[in-house]
Amino acid sequence: MTHHTPDTAHGAHAVGTVAFGAPSEALIRLEHVNKHFGEFQALKDIDLAIPRGQVAIVLGPSGSGKSTLCRTINRLETIDDDGGRILIGGQPLPTEGKGLARLRAEVGMVFQSFNLFAHKSILENVTLGPIRVKGKKKAEAERHAMELLERVGVAPQAKKMPAQLSGGQQQRVAIARALAMEPQALLFDEPTSALDPEMVQEVLDVMVQLAQEGMTMVVVTHEMGFARKAGDRVIFMADGAVLEDTDPESFFTAPQHERAKDFLGKILTH
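Description of the structure in this document. Fair warning: this is a prediction, and the values are worked out from it, not measured in the lab.

What counts as what
Residues numbered from 1 in each chain as written. Predicted model: local features only at pLDDT ≥ 70, side-chain atom pairs only at ≥ 80, totals over all residues. Heavy atoms only, no water. Helix = DSSP H or I, 4+ residues; strand = E, 2+ residues; numbered from the N terminus. Buried < 20%, exposed > 50% of the residue type's maximum accessible area, 1.4 Å probe, protein only. Contact = heavy atoms within 4.5 Å. Areas by Shrake-Rupley, 256 points an atom, 1.4 Å probe, with all protein chains shown as cover. Lys, Arg positive; Asp, Glu negative; His and termini not counted. Charge placed at Lys NZ, Arg CZ, Asp CG, Glu CD. Pairing = 2+ DSSP bridges. Core = buried A, V, L, I, M, F, W, Y, C linked by side-chain atoms within 4.5 Å. Salt bridge = Lys/Arg side-chain N within 4 Å of Asp/Glu carboxyl O. Phe/Tyr/Trp six-rings, centres within 6.5 Å; stacked < 30°, edge-to-face > 60°. Axes fitted to C-alpha atoms, helices over the stretch in contact; angles between N-to-C directions. Parallel < 35°, antiparallel > 145°, perpendicular 65-115°, else oblique. Left-handed = near helix turned anticlockwise from the far one by under 90°. Nonpolar A, V, L, I, M, F, W, Y, C, P; charged D, E, K, R; others polar. Polar contact = N/O pair within 3.5 Å; in protein donor to acceptor, adjacent residues only side chain to side chain.

1. Digging into the overall build of the protein chain
Logical step 1: Along the backbone of the protein chain there are 10 helices and 10 strands.
Logical step 2: Taking the principal axes of the C-alpha coordinates as reference, the protein chain spans close to 50 × 40 × 35 Å.
Logical step 3: Taken over 270 residues, the protein chain has a buried fraction of 52%.
Logical step 4: Expressed as a percentage of contacts within the protein chain between residues at least 6 apart in sequence, the contacts between residues at least 24 apart total 69%.
Logical step 5: Accessible surface for the protein chain amounts to roughly 12500 Å². Of this, 52% is attributable to carbon and sulfur atoms.
Logical step 6: Of the side chains in the protein chain, 29 bear a positive and 34 a negative charge, and the two mean positions are spaced by 7 Å.

2. Things to note about helix 4 (residues 122-132)
Logical step 1: Within helix 4, the full set of buried residues consists of Ile122, Leu123, Asn125, Val126, Thr127, Leu128 and Pro130.
Logical step 2: Looking at the buried positions of helix 4, the neighbouring elements they touch are helix 5 (138-151) and helix 6 (167-180).

3. Some words on the pairing of strand 6 (residues 107-110)
Logical step 1: Neither face of strand 6 is left uncovered, since the one carrying Val107 and Met109 and the one carrying Gly108 and Val110 both have all their residues buried.
Logical step 2: In this sheet, strand 7 (residues 185-189) lies alongside strand 6 in parallel orientation, the contact comprising 4 bridges. The residue bridging Val107 from the neighbouring strand is Ala185, located in strand 7.

4. A look at the nonpolar core
Logical step 1: Counting residues in hydrophobic clusters, the biggest one holds 51 residues, and the most contacted among them are Leu59, Leu149, Ile175, Phe188, Met207, Met217 and Phe226.
Logical step 2: Ranked by residues supplied to this core, first place goes to helix 7 (residues 197-212) with 9 residues.
Logical step 3: If near-sequence neighbours (up to four positions away) are discounted, Phe226 is found in contact with Ile57, Leu204, Met207, Val208, Met217, Val219, Thr221 and Gly231.
Logical step 4: Grouped together as the second largest cluster of nonpolar side chains are 28 residues, Leu48, Ile50, Leu69 and Ala185 included.

5. Overview of the pattern of salt bridges
Logical step 1: Using the criterion set out here, one finds 15 salt bridges in the structure.
Logical step 2: In this structure, Arg172 and Glu202 form a salt bridge, with 2.9 Å as the shortest nitrogen-oxygen distance. Taken as a pair, Arg172 in helix 6 and Glu202 in helix 7 lie far apart in primary sequence, 30 residues in all.
Logical step 3: Of the residues examined, Glu202 reaches a relative accessible area of 25% and is grouped as partly exposed.
Logical step 4: Two residues, Glu249 and Arg228, come together in a salt bridge whose shortest N-O distance is 3.5 Å.

6. Topic: the sheet that holds strand 1 (residues 26-37)
Logical step 1: In spatial order, the strands read 2-1-4-5; together these 4 strands make up an open sheet with antiparallel pairing. The outermost strands of the open sheet, each flanked by one partner alone, are strand 2 (40-51) and strand 5 (91-92).
Logical step 2: Where strand 1 and strand 2 come together, 8 bridges link them in antiparallel fashion. Following the sheet pairing, Lys35 is matched in strand 2 by Leu43.

7. Examining the packing of aromatic side chains
Logical step 1: For the coordinates displayed, the defined rule picks out 3 aromatic pairs.
Logical step 2: Relative to Phe263, the ring of Phe236 has its centre 5.3 Å away and its plane inclined at 55°; by these criteria the two rings are tilted. Of the two residues, Phe236 sits in strand 9 (residues 233-238) while Phe263 sits in helix 10 (residues 258-268), which places them 27 residues apart along the sequence.
Logical step 3: Judged by its relative accessible area of 0%, Phe236 is buried.
Logical step 4: Taking the relative accessible area as the measure of exposure, Phe263 reaches 8% and is therefore buried.

8. Here we look at the packing of helix 4 against helix 6
Logical step 1: Viewed as axis vectors pointing N to C, helix 4 and helix 6 meet at an angle of 25°, and their least axial separation amounts to 8 Å. Here helix 4 is positioned roughly parallel relative to helix 6, judged by the angle of their axes. Note that helix 4 runs across helix 6; the crossing there is right-handed. Taking contact as the criterion, the partners of Ile122, Asn125, Val126 and Pro130 in helix 4 are, on helix 6, Val173, Ala176, Arg177 and Ala180.
Logical step 2: Tallied by class, the residues present in the contact of helix 4 with helix 6 amount to 6 nonpolar, 1 polar and 1 charged.

9. Describing the side chain of Glu244
Logical step 1: Mapped onto the elements of the fold, Glu244 is located in strand 10 (residues 241-246).
Logical step 2: Lys261 provides the closest opposite charge to the buried, unpaired Glu244, separated from it by 7.3 Å.
Logical step 3: Looking at Glu244, its side chain comes within polar contact range of the main-chain nitrogen of Gln256, at 2.8 Å.

10. What about the pairing of strand 1?
Logical step 1: A loop of 2 residues connects strand 1 with strand 2, the two strands running antiparallel in sequence, and Gly38 in this loop sits at a positive phi of about 60°.
Logical step 2: Pairing analysis gives 4 bridges linking strand 1 to strand 4 (residues 85-88), with the strands arranged antiparallel. Within strand 4, the position partnered with Arg29 by the bridge is Leu87.

Below is the structure:
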């Protein structure tokens, strides 16, 4: 993996329309993606291409389709069978079986709730996937896991159970667990919204570090400071559709759409 400095990580994506990468370079590509839950249409004809190394921030009011979008990318939600498709590294999403397990290894996910196995230690939580899915030897998986726990600042907690850790520590373990699969991209679905306010920053700091190292990230969040600091791109959604797709500076200083102006007005005054 190439290690970007913070400047190049941003500069690489901040030039005019080149910013968002030619479709051919896209690591994640959504083409005419629709999603219905019964009568309700959660996603409306979504077309997006996310190039390798980009940090795409997905913003929008509650119920706008942000989490659904995130969950379709690694097929936690299926999409409508109407010709739309999702490609990862140029390959269509597998529907089930081993291909899907491999895809989930390529595209890690960090949830709002930490989803750690309560009956397994922190170290076991991080080594489980590499051993079971990737067939890594236990000693190698543990060595790599300890490096990752060190990186996210929770190595001293390795032998503890999740319930013995704070929410912020658990979420950092969840990030280490996703990284242990050596993914090409990480999806974050409101990773700080279940945390007490004083723990939010410790999780965002880890995410900023990943962004600076060039990890491809799709981040659904309400953390506007993080969006401005670490994002290369803002995708603003409302009512299941993408209304704005631009760089953070443009979005925060000159939003084009009334819904975006309204959203920013409400969120930035709090």
